[in-house]
Protein chains: 2
Amino acid sequence: INNSDANIDDIGTYDDFHTIDWLREMSRNRLRHRQILYRKKESFFRTLKGLHDAWSGWLVVLLVGLAAGTCAGLIDIVTKWLTDVKLGTCSGKFWLNQESCCWNSHTAEPSGTGCSEWKTWATIFGVENSNTGLTYGVNYLLYIVSALIFASLAALLVKMFAPYACGSGIPEVKTILSGFIIRGYLGKWTLLIKSITAPLAVASNLSLGKEGPLVHIASCCGNIFAHLFPKYGKNEAKKREVLSAAAAAGVSVAFGAPVGGVLFSLEEVSYYFPMKTLWRSFFCALTAAFILRSINPFGNSHLVMFYVTYNKPWFLKNSKLGNYPILEVVVVTFITAAASYPNPYTRIDASMMIAELVKECGPVMQNNLCDYTASVVNATFSVVKDPPVTPIGSGLRTALWQLALALLFKGIITVFTFGIKVPTGLFIPSMGVGAIMGRLIGVGVEQLVYNYPDCALWKTSCHAGHSCVTPGLYAMVGAAATLGGVTRMTVSLVVIMFELTGGLQYIVPLMAAAMFSKWVGDAFGNEGIYDGHIRLNGYPFLDNKEEFTHTTLATDVMRPRRGDQPLTVIEQEGMTVGDLEHLVRTTKYNGFPVITSHESQQLIGYLYRRDLILALENAHHNNEHVLSNSLVYFTLHAPTPSLGGANDPVPLRLFNIVDLSPITVTDHTPMEIVVEIFSKLGIKTSTVVKRSLKLLGIITKKDVLRHIAQLNKQDPDSILFN
Amino acid sequence: INNSDANIDDIGTYDDFHTIDWLREMSRNRLRHRQILYRKKESFFRTLKGLHDAWSGWLVVLLVGLAAGTCAGLIDIVTKWLTDVKLGTCSGKFWLNQESCCWNSHTAEPSGTGCSEWKTWATIFGVENSNTGLTYGVNYLLYIVSALIFASLAALLVKMFAPYACGSGIPEVKTILSGFIIRGYLGKWTLLIKSITAPLAVASNLSLGKEGPLVHIASCCGNIFAHLFPKYGKNEAKKREVLSAAAAAGVSVAFGAPVGGVLFSLEEVSYYFPMKTLWRSFFCALTAAFILRSINPFGNSHLVMFYVTYNKPWFLKNSKLGNYPILEVVVVTFITAAASYPNPYTRIDASMMIAELVKECGPVMQNNLCDYTASVVNATFSVVKDPPVTPIGSGLRTALWQLALALLFKGIITVFTFGIKVPTGLFIPSMGVGAIMGRLIGVGVEQLVYNYPDCALWKTSCHAGHSCVTPGLYAMVGAAATLGGVTRMTVSLVVIMFELTGGLQYIVPLMAAAMFSKWVGDAFGNEGIYDGHIRLNGYPFLDNKEEFTHTTLATDVMRPRRGDQPLTVIEQEGMTVGDLEHLVRTTKYNGFPVITSHESQQLIGYLYRRDLILALENAHHNNEHVLSNSLVYFTLHAPTPSLGGANDPVPLRLFNIVDLSPITVTDHTPMEIVVEIFSKLGIKTSTVVKRSLKLLGIITKKDVLRHIAQLNKQDPDSILFN
């Protein structure tokens, strides 16, 4: 037996682009745990090892939290700096962004738009005092140029070093958490490149953002740290517990919303989420949030919104540009930058725009949005004090026009920003669109109330001639609604929103927004952005949220169908090493049922292809007397090696690598139950047996998914991997 | 077939104190759903029915939320009034409690301790102006008397009308949600009596509270409304989705913490919790919270804490009083009331005491706790402004003494309040103890800082001679820690706490408290209060949170064991009605495997006892030619009835009531996998088959539980029901 004990660690690992068997992984983990408990008494060292094993669960999430928080903090700072560098620089202290530059400046303007220390490029190149047109031109030009540099640099880095770093990565993270394996997707290179390119992409003012990528980055941290602990690194199921916590930490740092992060990980991303994980995820998310806050205290963590990717393959496939990623990025960036600069609402960072839109009008902010004909000061705390409603001022009129244009522009450009090969997101753009719409509607309603104070609709709630409308709230609700419509998030959305706004008082409108946007969205297609992405990429993702409602039987799904080749099986006795190697060479199956004999067809167990290959290599390596004509026994009682000539073949015992209790269903089992078994137990393969357990066939997860796709009138061949 | 179609509704229902089969219930629901979809096209009425079915999910949680909120609101008001009535009454307006009575009174004292309209009983009986001793005596006496009246009335009502209304009910709700059936536990009588007696019990100043009962009450609402919708009323699995939402609503109204409620339901109570349910539970919890707020706006929803029951059977069994519930209640109440009154901190409602302890010292509250030698006004916002630390004043010294005594007293009396037969809780008591300890420690640390300002521990964080200690925060953390230790709640505890305190800034200490209390608690025994209660009551609860870590095989657990009687089975052909009736009479099994014949022992399916009984009764009822000697066929192709004499027996076809695809495992399947299957799929029974599917035996959920109990060195017979 020892020849396959030698690499017991390799036995039970998986190939790239394969699905894991949760049940098997958990069993392996329990086995490992038992061994530790068993050896605990042996020595003090063993005891320490046991303790370390017990604590490693908390240790790893702590480390992940620290790492994720640090990454997020640095990314925030770099992004801010890069964004401001497009517009100007801090005289003397080029490493400061505008905010820090003007932090303790006496010339700082109340609205925080600038100070004397902060100089635009035009000023630096000394064209400030010449005609304003030139000034504007220079700033405009440098804005575009810097944007182009950032974007192309980002695209270049991604293309050269880490192609996996493009997009937001959330759909892939979700797929990985569901038990799929994509080697390198959460590797250190992805982490490094994504951490560098995300700020560049955001700073290039493309209509995308960094929060989605932050989730991916946090997951990378989780994966990397998991490898430090064999308990998690060597067990795919346990590793995913860490990844769930890491995803929660990612959302937590993206929003400064730990609870929302945990709920997001639970509701949206995770697949198998035991309660123990919930607690650790929360711990991880909190750690990350606090590290972030301590690194970047001035970070606008309470105003950033969340991004999501939307790499629609049809777009990539249909676009000629799609074949030239760098060029594509350059073109899109140029158009964006050129069109953005003139409009103050598209010039600034999208999240800053949203922040401005959701604000209420107070004495502090003197911007156009609050330019009513009456003095702004009266409008303070419009909810509390009910100041008299006033008609729109000229500044606000301009603002409304600019907003309308921004809405139009963003609506269009966002479509073209989809799926360019840099860390992208749709979240901020869509929220921006939502916020603009909300604000516009809000102001509209406000003026309606002003012009028709006696309308029955609001007569009771508003005292005649007094404002009871908060355009900022409309903007917030609009943003939430768009966001909900895009992602179909529900609880996590609401929780995140009220962690952002910090208060339960707005929960009713937010909840209503989330609810209706979800319902409306579901009316158009019952699929969130992640699931759509997953389906379009053909990942094998068995959604455990939706029910299987058809009446088919296992016999309809299993292989072989009538007229197919008979199933490839392994006999427990009588096959030679050569036969098995030929089997491995000639077939692509991930595993083979082991049966007593072709006559009786009695099922013994199930043998994974990878394990078989490893065992055979191993046998050759450990014992040169194992020849291609030596018999292989998958039974406990194999004959002892013949003590004849040195070249005689030595029989090979491989009993211990056979899974002796594969999940089996009968051919009459309804598929609804089979699906339940697959999704709840997270198994990869189930053998189908006749009443007399005569082996009839086999169902793989892929078959189930194809079957579902077929029943949903989708292309079964869209499921690509095994 | 129609003879068993006749009462298709009864087929597949369960008896009292039995466990449901989730897999089967979900299948039945899918079948029902398919029928609706299928008939949808038939007529407009059918279409409406389909729509109603689709919406009923939201409708029912809305109704539950409204009902739960209303109940909680009324209970709050009544409790407040009863509590105050012990001390006095509002002159002229007896229906007002002290707060409302003094609401717009000019004589109201700032600390809200009273006003001229509010008169103590002594005043009303005109002994006010005589010596203070008499005044005190009268108040004292009436305090005790009213407490006794309330308590005994509560005990009487519970004993007479709804014995299930005692305790907090959370453990039972948890058991029910795990798939157990206790008829009447969530019935209207329990709802009514518990809603009446909970305020009485609280007002009687026993060391117990109403929040735990609120969860039970909300669950009752859930159960009652579920019965209005066949989709939920007739399907035990679907009904439990509503109950999960109801439990969330219960916690939500108990704390005014909707998110915490959902997390509590998810983490602590619920067993099977699909994401759809999460969203609806959140909706339900929010509705309830807002109804409560609108009914009882002055409710101290942000200061009440949460209760839990702790009916330790050993206590009940060992106490003679336990046999005389009413007397027991009276005695405990008398002792409590008599000992509580003299001490200001035990006299008032426990939740009010906690509220006072967690408060910071400000100019508003002039009570002893803030009596430092320096003027109180300086101590305002002790965190923000860092006022100079001052030594303890005489008032505070008294307060500390009283607190110490209260701690001692509560610690003792709470033990004796366990499990008296009224709606009880341990939550407020334990939190009170925690809060007192916290406050004492807090003040201690404060004075330590004052006396040794140069100690390295706090020199850096506190500027010498300035306070940087908030005793209130210590109290809050203490309360959270005790609470966490008792219930082992983690995320939900922290979320509830910060929904109560309304802010993330205290989340670190709270989190640390929850974490360490859980770890310390687990060191003494890895079991929360609910699980302990469930185990002590012997409910069949298969915990899906803890892993099965042993190496036993299915063959070790299954029945029959070696030497036992052979398994009672049903042959698919050849058995008569008489045989089956005899089988039902003579055995107590919940179901029987159906096999081809005793010779081949090939498994066909599984037949539930209850279904068999119903089918037989039904057959007799529908067709008088079904005699006890008529053959029963569990096959598709049964012979046509013989057309002989009128009295000839008619063969009976019962194929459609047999479950043809029972979950099966082989005798070599490791128990860890069997347990996984049982808990994940929520099945009730699994058949065990040999490799050649020759039927070997059967495992019921009960066997699994007994097996686990045995392996944990517990009494297997403590599992009572099936």
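Rules and cut-offs
- Residues numbered from 1 in each chain as written.
- Chains lettered and ligands numbered in written order.
- Predicted model: local features only at pLDDT ≥ 70, side-chain atom pairs only at ≥ 80, totals over all residues.
- Heavy atoms only, no water.
- Helix = DSSP H or I, 4+ residues; strand = E, 2+ residues; numbered from the N terminus.
- Buried < 20%, exposed > 50% of the residue type's maximum accessible area, 1.4 Å probe, protein only.
- Contact = heavy atoms within 4.5 Å.
- Areas by Shrake-Rupley, 256 points an atom, 1.4 Å probe, with all protein chains shown as cover.
- Phe/Tyr/Trp six-rings, centres within 6.5 Å; stacked < 30°, edge-to-face > 60°.
- Lys NZ or Arg CZ within 6 Å of the ring centre and 35° of its normal.
- Buried area = accessible area lost by both parts, 1.4 Å probe.
- Salt bridge = Lys/Arg side-chain N within 4 Å of Asp/Glu carboxyl O.
- Polar contact = N/O pair within 3.5 Å; in protein donor to acceptor, adjacent residues only side chain to side chain.
- UniProt positions renumbered as here; feature names shortened; annotations may be inferred.
- Pairing = 2+ DSSP bridges.
- Right-handed = clockwise from strand over helix to strand, strands pointing away.
- Disulfide = S-S within 2.5 Å.
- pLDDT = per-residue confidence, 0-100.
- Expected span 1.5 Å × (residues − 1).
- Least-squares fit on C-alpha atoms with pLDDT ≥ 70 in both.
- Core = buried A, V, L, I, M, F, W, Y, C linked by side-chain atoms within 4.5 Å.
- Patch = residues over 30% accessible without salt bridge, like charges linked within 9 Å, V, L, I, M, F, W, Y side chains within 5 Å.
- Axes fitted to C-alpha atoms, helices over the stretch in contact; angles between N-to-C directions.
- Parallel < 35°, antiparallel > 145°, perpendicular 65-115°, else oblique.
- Nonpolar A, V, L, I, M, F, W, Y, C, P; charged D, E, K, R; others polar.

Bringing the overall build of chain A into the picture now. When helices and strands are tallied, chain A shows 30 helices and 11 strands. The proportion of buried residues among the 722 residues of chain A is 58%. Taking the contacts inside chain A whose residues are at least 6 apart along the sequence as the reference set, 72% of them involve residues at least 24 apart. Of the accessible surface of chain A, which amounts to about 29,400 Å², a share of 64% is contributed by carbon and sulfur atoms.

Following the criterion strictly, the structure yields 28 aromatic pairs over all chains and no others. Centre to centre, the rings of A:Phe161 and A:Trp189 are 6.1 Å apart; their planes meet at 10°, and the pair counts as stacked. Residue A:Phe161 is located in helix α6 (residues 132-161), and its partner A:Trp189 is located in helix α8 (residues 188-203); the two are separated by 28 residues in the primary sequence. You can call A:Phe161 partly exposed: its relative accessible area is 41%. A residue is classified by how much of its surface remains accessible, and A:Trp189, at 48% relative accessible area, is partly exposed. The structure contains a cluster of three or more aromatic residues connected by ring pairs, namely A:Trp55, A:Trp58, A:Trp279, A:Phe282, A:Phe283, B:Phe516 and B:Trp519. Above the ring of A:Tyr341, the side-chain terminus of A:Arg347 is found at 4.1 Å from the ring centroid. Over the aromatic face of B:Tyr608 sits the side chain of B:Arg24, whose NZ or CZ is 3.9 Å from the ring centroid.

Glancing now at the interface of chain A and chain B. Chain A puts 60 residues into the contact, and the matching count from chain B is 59 residues. Of the roughly 5,700 Å² buried where chain A meets chain B, counting both sides, 73% is carbon and sulfur surface. Taking the shortest distance from any N to any O, the salt bridge between B:Glu672 and A:Arg34 comes out at 3.4 Å. Run the count over chain A and chain B and you get 4 residue pairs in polar contact (both at pLDDT 80 or more).

As a further point, take the UniProt feature "domain: CBS" (unreviewed entry) in chain A. Mapped onto this structure's residue numbering, the UniProt feature "domain: CBS" (unreviewed entry) falls at residues 558-624 and 657-718 of chain A. For residues 558-624 of chain A, the end-to-end C-alpha separation is 40 Å, with 36% helix and 22% strand making up the annotated structure.

The next subject is the pairing of strand β10 (residues 685-689) of chain B. Residue and element names in this part refer to chain B. Counting buried residues along β10, 5 of its 5 residues qualify, which places the element largely inside the surrounding structure. Along β10, one buried face is formed by Thr685, Thr687 and Val689 and the opposite face, lined by Ser686 and Val688, is buried too. Pairing geometry for strand β9 (residues 664-666) and β10, over 3 bridges, is parallel. Note on β10: the bridge partner recorded for Thr664 is Thr687. Each parallel crossover has a hand, and for β9 linked through helix α29 (residues 671-681) to β10 it is right-handed.

Applying the stated rule across the entire model yields 0 disulfides over all chains. You can see A:Cys166 has no disulfide; the closest cysteine sulfur is in A:Cys220, sitting 13 Å from it. A:Cys166 gets classed as buried once you look at its relative accessible area, which sits at 13%. Left unpaired, B:Cys221 is separated from the closest cysteine sulfur, that of B:Cys71, by 4.1 Å.

Residue and element names in this part refer to chain A. Notably, Asn205 is not glycine yet its phi reads approximately 65°, a positive angle. Along the chain, Asn205 turns up in the loop between α8 and α9 (211-226). According to the relative accessible area criterion, Asn205 is buried, its value standing at 10%.

Residue and element names in this part refer to chain A. Per the UniProt record, "transmembrane region" (unreviewed entry) is annotated on residues 55-75, 140-158, 242-266, 278-295, 321-341, 399-419 and 426-445. Between the end C-alpha atoms of residues 140-158 there is a gap of 27 Å, over a span that is 100% helix and 0% strand. Its end C-alpha atoms 28 Å apart, residues 426-445 is made of 95% helix and 0% strand.

Here the focus is the confidence of the model for chain A. Residues and elements named next belong to chain A. On average, residues of chain A score 78 in pLDDT, and 81% of them reach the 70 mark or higher. Under a pLDDT of 50 for its full length, residues 300-319 has, in the predicted model, 81 contacts with residues more than four places off or in other chains. For residues 375-387, every residue scores under 50 in pLDDT, and the model assigns this stretch 25 contacts once sequence neighbours within four places are set aside. On the interface metric, ipTM, the complex scores 0.79, and its pTM is 0.83.

Time to look at helix α8 (residues 188-203) of chain B. Residues and elements named next belong to chain B. The terminal C-alpha atoms of α8, which comprises 16 residues, lie 23 Å apart, in line with the 22 Å expected from a rise of 1.5 Å per residue. The buried fraction of α8 is high, at 12 of 16 residues. For α8, every residue scored as buried is listed here: Thr190, Leu191, Ile193, Lys194, Ser195, Thr197, Ala198, Pro199, Leu200, Ala201, Val202 and Ala203. Residue Asn205 follows α8 closely and has a positive phi angle near 65°.

The subject of this paragraph is the pairing of strand β5 (residues 591-595) of chain A. All names here are of chain A. Along β5, 5 of the 5 residues are buried, which leaves the element largely enclosed by surrounding structure. Sheet topology note: the strand β3 (residues 570-571)/β5 ladder contains 2 bridges and is parallel. Following the sheet pairing, Ile570 is matched in β5 by Val594. Sheet analysis places β5 next to strand β6 (residues 603-608), joined by 5 bridges and oriented antiparallel. Bridge pairing in β6 links Val594 to Gly605.

All names here are of chain A. Strand order in this open sheet of 3 strands is β4-β7-β8, and the pairing throughout is mixed. The strands lining the two open edges of the sheet, one partner per strand, are β4 (575-576) and β8 (652-653). As defined by bridge partners, β4 adjoins strand β7 (residues 631-633) across 2 bridges and the pair is classed as antiparallel. Of the residues in β7, the one forming a bridge with Met575 is Val632.

With mixed pairing, the 3 strands of this open sheet are ordered in space as β4-β7-β8 (chain B). Since the sheet does not close on itself, it has two edges, and those belong to β4 (575-576) and β8 (652-653) of chain B, each with one partner.

Now for the relation of the copies chain A and chain B. Its rotation angle being 180°, the transformation that places chain A on chain B also includes 0.0 Å of axial translation and leaves an RMSD of 0.1 Å. Such a combination of rotation and displacement between the chain copies is what one expects of a two-fold axis. Looking at the interface residues of chain A, 98% of them are also at the interface in chain B, so both copies use one shared face.

A word on the pattern of salt bridges. Applying the stated criterion across every chain, the model contains 35 salt bridges over all chains. One salt bridge in this structure joins A:Asp76 and A:Lys210, with 3.5 Å as the shortest N-O distance. Highlighted residues: A:Asp76 in helix α3 (residues 44-85) and A:Lys210 in the loop between α8 and α9, separated in sequence by 134 residues. A relative accessible area of 12% places A:Asp76 in the buried class. The buried category is assigned to A:Lys210, whose relative accessible area is 10%. Residue B:Arg30 is joined to A:Glu676 by a salt bridge in which the shortest nitrogen-to-oxygen separation is 3.7 Å. Taken together, the residues span two chains, with B:Arg30 in helix α2 (residues 22-39) and A:Glu676 in helix α29 (residues 671-681). Residue classification places B:Arg30 among the buried positions, given a relative accessible area of 1%. Overall, the relative accessible area of 11% leaves A:Glu676 in the buried class.

Before going further, it helps to spend a moment on the nonpolar core. Counting residues in each nonpolar core, the largest one holds 251 residues, and the members touching the most others are A:Trp279, A:Phe282, A:Ile677, B:Trp279, B:Phe282 and B:Ile677. Other than its neighbours up to four places away in sequence, A:Trp279 contacts A:Trp58, B:Thr490, B:Val491, B:Val494, B:Met511, B:Ala514, B:Met515 and B:Lys518.

This part covers a nonpolar patch on the surface. Residues and elements named next belong to chain A. Among the surface-exposed residues, Leu156, Met160, Phe161, Trp189, Leu192 and Ile196 lie close enough to one another that they form a single nonpolar patch of about 600 Å² accessible area. Taken together, the elements giving at least two residues each to the nonpolar patch come down to α6 and α8. Note on placement: Leu156 falls in helix α6.

What follows covers the packing of helix α2 (residues 22-39) of chain A against helix α11 (residues 236-255) of chain A. Residue and element names in this part refer to chain A. Viewed as axis vectors pointing N to C, α2 and α11 meet at an angle of 95°, and their least axial separation amounts to 7 Å. Considered as vectors, α2 and α11 are oriented roughly perpendicular to each other. Contacts between α2 and α11 pair Trp22, Glu25, Met26 and Asn29 from the former with Glu236, Ala237, Lys238 and Arg240 from the latter. Residue classes in the contact of α2 with α11 are distributed as 3 nonpolar, 1 polar and 4 charged.

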